Amino acid sequence: MLITGATLADGRVRDVRIGDDGRIAAVAEGLGAEAGERVLEARGRHLLPGAVDVHVHFREPGGSHKETWSSGSRSAAAGGVTTVVDQPNTSPPTVDGAAFDEKAALAADSLVDYGINGGVTAEWDPESLFDRPLFALGEVFLADSTGDMGIDADLFADALDAAAARDVPVTVHAEDATLFDESALDGDLGGVGTAATADAWSAYRTADAEIAAVERALGGAAERDARVHVAHTSTPEAVDAVTDAREDGTDATCEVTPHHLYLSRERARSLGTFGRMNPPLRSEERREALFARLAEGDVDVVATDHAPHTAEEKGQGLVDAPSGVPGVETLYPLLLESARKGELSLERVRDVVAANPAEIFGLDRKGRVAEGRDADLVLVDTADPREIEAAALHSAPAWTPFEGLRGVFPEVTLVRGEVVYERDPATGAASFGDPVGRNVRER
């Protein structure tokens, strides 16, 4: 394929040639079409690297009624995500070689490239787990969430030691359950969509619980010379803790989710239990400060923590409803809309969704539009935002916490040169390619 006249994130207008090996063969001006090449005219549109979403829960095995590798990867492709990293809290949990192999067989249905993380529980088998092509260790849960995989301090230390010995990064879900406020769940919590319900979960899993756990995880990593990536930081204080630790020599990075960047407790009042996630939504003041950290460059990665549940499951009472929201399809669109409005630079968006996660996790063929890189590419018209509607999305759960917000959605998504998603901007008609996903840790 030859893509002509595309505007890159830095403003350069270039032609991009894709070779038979699925890698970018040339990025230059004035490239002419060769025999047999499909020519994709991209004048007036932006060509960006496919997003690397290092935090998804595609729910297989054990939760295919919530999401499958097929449905989840279709949603990823439609949102411009070309690599996903699946977390271990499935059923069975990915804590040994056999469980890894079971998940890897299911991942063959993926339209996009993928990584598979390994988990840590009292029953984990590190030898067989590390014998597989593991993306990272984690998400290691310092407090229970979906899957009840919370571990104690001693086991966390063992996990850091095991990972450091093998130079494997550790992704951490950092909350300290001893600092949860149980009294927040007392009394009448109201109905599913009430302010009382929304505020109760945020009051229960406190901001202090996250900040303390992040500091503890960073301290453990520093003691053991381990590489640690803090997942879904929801407070500016947690981001600052990671920044300070890195300045002190700890190999530490952090991610922030779109729901913590664009939603707050004010929005949660209309979402009710559909806005329950771990860590929970924070105050509008903290949300604004977190977004400022993103714009200023302190946030390393934006990843979705795509955690789908059915509407029926989410519609239960606060204590019974599971935590998590879908988001893999709206990652790029939300950030691109912020770039369109001048709140972020397009280069900053490219870095936090593609270039940075690829560099942090050693994906030397991903994350940039450059010669020799995989042709994981996304074509978008940044002047054409549209309203986010659950009915137009492709994740199995037919709902989104971002209903009514605006986003810039892809027209074409390629994985290693293969078209996996294409949308007619005039009619909205969309089509998907075949499952071409590969484990990014295998060569």
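Quick notes on the rules
Residues numbered from 1 in each chain as written. Predicted model: local features only at pLDDT ≥ 70, side-chain atom pairs only at ≥ 80, totals over all residues. Heavy atoms only, no water. Helix = DSSP H or I, 4+ residues; strand = E, 2+ residues; numbered from the N terminus. Polar contact = N/O pair within 3.5 Å; in protein donor to acceptor, adjacent residues only side chain to side chain. Contact = heavy atoms within 4.5 Å. Core = buried A, V, L, I, M, F, W, Y, C linked by side-chain atoms within 4.5 Å. Buried < 20%, exposed > 50% of the residue type's maximum accessible area, 1.4 Å probe, protein only. Pairing = 2+ DSSP bridges. Axes fitted to C-alpha atoms, helices over the stretch in contact; angles between N-to-C directions. Phe/Tyr/Trp six-rings, centres within 6.5 Å; stacked < 30°, edge-to-face > 60°. Lys NZ or Arg CZ within 6 Å of the ring centre and 35° of its normal. Nonpolar A, V, L, I, M, F, W, Y, C, P; charged D, E, K, R; others polar. pLDDT = per-residue confidence, 0-100. Arc of directions from axis to C-beta. Lys, Arg positive; Asp, Glu negative; His and termini not counted. Salt bridge = Lys/Arg side-chain N within 4 Å of Asp/Glu carboxyl O.

1. Quick word on the side chain of His 232
Line of reasoning, step 1. As for its position among the elements, His 232 is in the loop between strand E11 (228–230) and helix H7 (236–247).
Line of reasoning, step 2. At a separation of 3.1 Å, a polar atom in the side chain of His 232 contacts the side chain of Glu 139.
Line of reasoning, step 3. When residues no more than four places from it in sequence are discounted, the contact partners of His 232 are His 55, Glu 139, His 173, Glu 210, Glu 255, Thr 257, His 260, Asn 278, Pro 279 and Asp 305.

2. So, the nonpolar core
Line of reasoning, step 1. Counting residues in each nonpolar core, the largest one holds 91 residues, and the members touching the most others are Val 84, Trp 124, Leu 137, Leu 218, Leu 294 and Leu 335.
Line of reasoning, step 2. Look past the residues within four positions of Leu 218 in its chain and what remains in contact with it is Val 228, Val 230, Ala 241, Val 242, Ala 245, Thr 250 and Ala 252.
Line of reasoning, step 3. Counting 17 residues, the second-largest nonpolar core is a separate cluster that includes Ile 3, Leu 47, Val 369 and Val 412.

3. Remarks on the sheet that holds strand E8 (residues 113–116)
Line of reasoning, step 1. The three strands are arranged E6-E7-E8 in an open sheet whose pairing can be described as parallel. Sheet topology places strand E6 (51–56) and E8 at the edges, where each strand pairs with a single neighbour. Averaged over all neighbouring strand pairs, the angle between strand axes comes to 20°, with direction disregarded.

4. A look at the packing of aromatic side chains
Line of reasoning, step 1. The final tally for this structure, using the stated rule, is nine aromatic pairs.
Line of reasoning, step 2. Ring centres of Phe 135 and Phe 361 lie 5.1 Å apart, and the angle between their planes is 35°; on these two criteria the pair is classed as tilted. Taken as a pair, Phe 135 in the loop between helix H3 (126–130) and strand E9 (137–141) and Phe 361 in the loop between helix H13 (346–360) and strand E14 (377–380) lie far apart in primary sequence, 226 residues in all. Both residues of the pair, Phe 135 and Phe 361, belong to the buried class.
Line of reasoning, step 3. Every member of this aromatic cluster is reached through a ring pair, and the members are Phe 58, Trp 69 and Tyr 114.
Line of reasoning, step 4. Above the ring of Trp 201, the side-chain terminus of Arg 276 is found at 3.7 Å from the ring centroid.
Line of reasoning, step 5. The side chain of Arg 441 reaches across the aromatic face of Phe 135, ending 4.3 Å from its centre.

5. Here's the deal with the packing of H7 against helix H10 (residues 284–296)
Line of reasoning, step 1. At a minimum axis distance of 8 Å, the contact between H7 and H10 shows a crossing angle of 30°. Each of Pro 236, Glu 237, Val 239 and Asp 240 in H7 lies in contact with H10, whose residues at this interface are Arg 286, Ala 289, Leu 290 and Arg 293.
Line of reasoning, step 2. Residues of the contact of H7 with H10, tallied by class, amount to four nonpolar, no polar and four charged.

6. Examining the confidence of the model for the chain
Line of reasoning, step 1. Residues with a pLDDT of 70 or more make up 96% of the chain, whose mean pLDDT is 94.
Line of reasoning, step 2. Per-residue pLDDT stays below 50 along residues 191–195; that stretch engages in 13 contacts with residues further than four places along the chain or on separate chains.

7. Some thoughts on the pairing of E14
Line of reasoning, step 1. Going residue by residue along E14, you find Leu 377 and Leu 379 tucked away on one face and Val 378 and Val 380 tucked away on the opposite face as well.
Line of reasoning, step 2. With four bridges connecting them, strand E5 (residues 46–49) and E14 associate as antiparallel partners. What sits directly across from Pro 49, in E14, is Leu 377.
Line of reasoning, step 3. By the bridge criterion, four bridges tie E14 to strand E17 (residues 410–415) in an arrangement that is antiparallel. Bridge pairing in E17 links Val 378 to Thr 413.

8. Considering the sheet that holds strand E10 (residues 170–173)
Line of reasoning, step 1. Ordered in space as E9-E10-E11-E12-E13, the five strands form an open sheet in which the pairing is parallel. Strand pairing shows two members of the sheet lacking a second neighbour, E9 and strand E13 (301–302), which therefore form its edges.
Line of reasoning, step 2. Here E11 runs beside strand E12 (residues 252–256); their pairing, made up of three bridges, is parallel. Bridging across to E12, Val 228 finds its partner in Ala 252.

9. A word on the environment of Pro 236
Line of reasoning, step 1. Relative to the helices and strands, Pro 236 is located in helix H7.
Line of reasoning, step 2. Expressed as a C-alpha distance, the spacing of Pro 236 and Val 256, which sit 20 residues apart in the sequence, is 9.9 Å.
Line of reasoning, step 3. Not counting the four nearest positions on each side in its chain, Pro 236 is found in contact with Arg 286, Ala 289, Leu 290 and Arg 293.

10. A short note on the pairing of E9
Line of reasoning, step 1. A large share of E9 lies buried, amounting to five of its five residues.
Line of reasoning, step 2. Bridge count between E9 and E10: three bridges; the pairing is parallel. Opposite Phe 141, over in E10, you have His 173 as the bridge partner.

11. Some thoughts on helix H2 (residues 97–106)
Line of reasoning, step 1. Residues Gly 97, Ala 99, Phe 100 and Lys 103 constitute the buried set of H2. One face of H2 carries all of its buried residues, which in axial projection span an arc of 160°. Looking at H2, the residues exposed on the side facing more than 90 degrees away from the buried face are Ala 98 and Ala 105.
Line of reasoning, step 2. Elements that come into contact with the buried residues of H2 comprise helix H1 (69–78), strand E7 (81–86), E8 and H3.
Line of reasoning, step 3. The opening residue of H2, the one whose side-chain oxygen lies 3.3 Å from the backbone nitrogen of Ala 98, is Asp 96.

12. Observations regarding the side chain of Glu 60
Line of reasoning, step 1. Looking at the element boundaries, Glu 60 is found in the loop between E6 and H1.
Line of reasoning, step 2. One buried charged side chain, Glu 60, makes no salt bridge at all; its nearest oppositely charged neighbour is Lys 103, positioned 9.7 Å away.
Line of reasoning, step 3. Side-chain polar atoms of Glu 60 contact the backbone nitrogen of Trp 69, separated by 3.1 Å.
Line of reasoning, step 4. Dropping the residues within four chain positions of it, Glu 60 is found in contact with Glu 67, Thr 68, Trp 69, Asp 86, Thr 90, Lys 103 and Leu 106.

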